[in-house]
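Residue-level structure breakdown
Listed below, chain by chain, are the residues.
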Amino acid sequence: MATDYDAPRRTEESELGEDSLEELKARRTDSQSGSVDVDEAEVAEGFELPGADLSGEELTVKVLPMQNDEFRCSQCFLVHHRSQLAEEKNGQYVCTECAA
């Protein structure tokens, strides 16, 4: 329950039995947020589900080739910066996450 620290304080004696059920309901509705609820169906329209048909979609991300200071991990096949290189065995690079 939110507390209004700017409201005048009341003593415990005046709180007991002073509030009727109608007053409490009126206060509860007055203190509720005035913002409009967001429709969940509208928000869900922007999400793509796994397995959805994306054959008509185009890439909007620019793909860059691997840079000179990067390597491809032989275990997870992700491209990492050289600072994440844990070991190299027979030309196979392993990142720090896979080596752990």
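Residues numbered from 1 in each chain as written. Predicted model: local features only at pLDDT ≥ 70, side-chain atom pairs only at ≥ 80, totals over all residues. Heavy atoms only, no water.

**Thoughts on the overall build of the chain**
For clarity, the threshold we go by: The secondary structure listing takes helices from DSSP runs of H or I that are at least 4 residues long and strands from runs of E that are at least 2 residues long, numbered from the N terminus. Exposed residues in this analysis have more than 50% of their type's maximum accessible area, buried residues have under 20%, and partly exposed residues fall in between, with area computed by a 1.4 Å probe over protein chains only. Contacts are assigned to residue pairs with any non-hydrogen atoms lying within 4.5 Å of each other. Under the convention used here, a 1.4 Å probe and the Shrake-Rupley method define accessible areas, while residue burial counts only the protein chains that appear.
A tally of regular secondary structure across the chain gives four helices and four strands. Overall, the chain shows an N-to-C arrangement of helices and strands of α-α-α-β-β-β-β-α. Put simply, the chain has 100 residues, and 5% of those count as buried. Taking the intrachain contacts of the chain between residues at least 6 apart in sequence as the baseline, contacts between residues at least 24 apart amount to 4%. Accessible surface for the chain amounts to roughly 9,700 Å². Of this, 50% is attributable to carbon and sulfur atoms.

**A few points about the confidence of the model for the chain**
Threshold: Each residue carries a pLDDT score, the predictor's own confidence in it, on a scale running from 0 to 100.
Taken over all residues, the pLDDT of the chain has a mean of 80, while the share at 70 or more is 79%. Per-element confidence in the chain ranges from a low mean pLDDT of 54 for helix H1 (residues 12-15) to a high of 96 for strand E1 (residues 70-72).

**Here's the deal with a negative patch on the surface**
Applicable threshold: Residues enter patches when they are more than 30% accessible in relative terms and free of salt bridges; like-charged ones are connected within 9 Å and nonpolar ones (Val, Leu, Ile, Met, Phe, Trp, Tyr) within 5 Å. One side-chain nitrogen of Lys or Arg within 4 Å of one carboxyl oxygen of Asp or Glu is enough to make a salt bridge. Charge convention: Lys and Arg are scored as positive, Asp and Glu as negative, and His as well as the terminal groups of each chain are ignored. For this purpose, a charge sits on NZ of Lys, CZ of Arg, CG of Asp or CD of Glu.
On the surface, Asp39, Glu40, Glu42 and Glu45 cluster together into a patch of negative charge. Topologically, Glu42 is positioned in helix H3 (residues 40-44).

**Examining the pattern of salt bridges**
Counted by the stated rule, this structure contains one salt bridge. For Glu87, the salt bridge is made with Lys89, and the minimal N-O distance between the two is 3.5 Å. A relative accessible area of 55% places Lys89 in the exposed class.

**Looking at the side chain of His80**
The line we're drawing: Pairing of N or O atoms within 3.5 Å defines a polar contact, subject to two protein rules: one partner must be a possible hydrogen donor and the other a possible acceptor, and residues neighboring in sequence count only if both atoms are side-chain atoms.
Mapped onto the secondary structure, His80 falls in strand E2 (residues 79-81). Here the side chain of His80 touches Gln84 through a polar contact of 2.7 Å, side chain to side chain. Other than its neighbours up to four places away in sequence, His80 contacts Asp69, Glu70, Phe71, Cys73 and Cys95.

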